[in-house]
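Descriptive analysis of the structure
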Amino acid sequence: MVGIDVDEDKVRALNAGKPTVYEKGVSSLLRRASSCGRFSGTTHFKELADAKLIFICVGTPSVEDGGIDLSVVESAIRSVGGVLGGKFPLVVMKSTVIPGTTANKVKPLLERRSGRKVGVNLGLCSNPEFLREGSAIRDTLFPDRVVVGAEDGRSGREMISFYKRFYAKHTPPIVLTDLGTAEMIKYAGNAFLAMKVSYINTIARICEKIPGSDIEVVAQAIGLDPRVGGRFLQAGPGYGGSCFPKDVSALISFARRKGVDTSLFEAVQDINTSQAVHVISSLGRLSGGLEGKIVAVLGLAFKAETDDIRSAPSIRIIDALLLRKARVRVYDPVAMENTRKVLRDRVTYSRSAKESLKGADVCLILTEWKEFSRLTPGVFSKLMRRPLIYDARRILESRKLGKSVQYHAIGLGS
Ligand code: UDX
């Protein structure tokens, strides 16, 4: 397997067995694959000449109107189209692109550059990616489903036969459809999950108004109904990451252009934005004003098991804390380097959760790292000036904390 990127530093790092994103297990897997010659990185597209399958996995960042920037996809297709060899090389679109992109943009560009014809001497599929950051290996090896979109029979058949060989007796359900539907499935899936998060965050805010009410119990109980489903009902500070925010925006922009009402998705976005505001105003109220207060922020990554802070709620919330003149100290087990690049010297960086808690007025938990759930009440009460905890991820158990700390949490009625 050959991995191609135009970024020489990235290729060098990958060849040295150093992944460019954090995920447990990726580094050893990469080193193993490199050392036995099953993976190598390169910047040279000509190394694709013998490839039977070419996965296009480049980014499709947001543009101002919420749509997506296709320039990297186009440039990758131009480069790939110029070097294709063999009888029927199959180009597979993994990048998330709005419905119609593969048929109307990728296909003509690829045919022009390669001088080939899709379905005759060139294969083209849409094969959206559903892996989650932090569990990419598991999601790749054990996906819930595989979606294959194709216009011609041979491309679809070859793609399915590849997955059947790859997964053998563990082959998941495979949905074969046309290119546009496959592209739509990715957006529909992510928008639905984002909707679930905004839904549960709204219910959490209502729970907070009911004394003794607990969103965790509500979510667990409604999740037992298979029509609802128990996953993605974890109330928190709002969704972030490189997919949900971008994909919901792109879906809105696409649907608007097609004249379809987008109010549902706009509400999903608005609730997500206001969830950060909700955290800040709760903190302000509970702490008696944030100005001059030392706030220890535990967790910066947009979720646990990753070092990614793209569109992370932590950044929105820290910006608001700083606006309110709070003194912010931050700690995350793996996302410190990425955070430094964004927040620079506007906050204080701690080497551990405990260091960050020393003398703090407020502890704000924003990422569900396991190590934070192991902090005992004694740690908070001994180290903090005033042991006020706001748990935006519900990782601490209020029952076990006792009276030595003042515990508040998303979705917990007080
Ligand atoms: C998502 C999709 O899940 C995946 O299928 C797609 O391929 C890429 O986008 P990812 O962005 O890695 O994956 O993270 P995900 O686990 O989906 O979480 C997204 C955000 O929602 C995170 O900020 C997470 O903290 C938040 N979330 C998720 C909640 O707040 N509550 C939940 O119950 C689940």
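All of these numbers come straight from a predicted model, not from anything done at the bench.

Digging into the overall build of the chain
- When its secondary structure is counted, the chain shows 16 helices and 13 strands.
- For 414 residues, the compact-globule estimate of 2.2 N^0.38 gives 22 Å, and the chain sits close to it at 24 Å.
- Reported as C-alpha extents along the three principal axes, the dimensions of the chain are approximately 70 × 45 × 45 Å.
- For the chain, contacts bridging at least 24 residues in sequence account for 72% of all contacts bridging at least 6.
- Taken as a whole, the chain presents about 20400 Å² of accessible surface, with 55% of it coming from carbon and sulfur.
- Separation between the mean location of the 62 positive side-chain charges and that of the 43 negative ones in the chain comes to 4 Å.

Looking at the environment of Ala409
- Position of Ala409 among the secondary structure elements: in strand 13 (residues 406-409).
- Spatially, the C-alpha atom of Ala409 lies 13 Å from that of Ser373, the residues being 36 residues apart in sequence.
- Filtering out sequence-adjacent residues up to four positions away, Ala409 remains in contact with Glu208, Tyr390, Asp391 and Arg394.

A word on helix 8 (residues 215-223)
- By the burial criterion, the buried members of helix 8 are Ile215, Ala219 and Gly223. Buried residues of helix 8 fall within an arc of 60° about the axis and therefore sit on the same side. The exposed set on the far side of helix 8, more than 90 degrees from its buried face, consists of Val217 and Gln220.
- Here helix 8 starts with a cap whose side-chain oxygen sits 2.9 Å from the backbone nitrogen of Glu216, and that cap is Asp214.

Reading guide: rules and limits
- Residues numbered from 1 in each chain as written.
- Predicted model: local features only at pLDDT ≥ 70, side-chain atom pairs only at ≥ 80, totals over all residues.
- Heavy atoms only, no water.
- Helix = DSSP H or I, 4+ residues; strand = E, 2+ residues; numbered from the N terminus.
- Rg over C-alpha atoms; globule rule 2.2 N^0.38 Å.
- Contact = heavy atoms within 4.5 Å.
- Areas by Shrake-Rupley, 256 points an atom, 1.4 Å probe, with all protein chains shown as cover.
- Lys, Arg positive; Asp, Glu negative; His and termini not counted.
- Charge placed at Lys NZ, Arg CZ, Asp CG, Glu CD.
- Buried < 20%, exposed > 50% of the residue type's maximum accessible area, 1.4 Å probe, protein only.
- Arc of directions from axis to C-beta.
- Polar contact = N/O pair within 3.5 Å; in protein donor to acceptor, adjacent residues only side chain to side chain.

In short, the description is geometric, and any link to function would need to be established separately.
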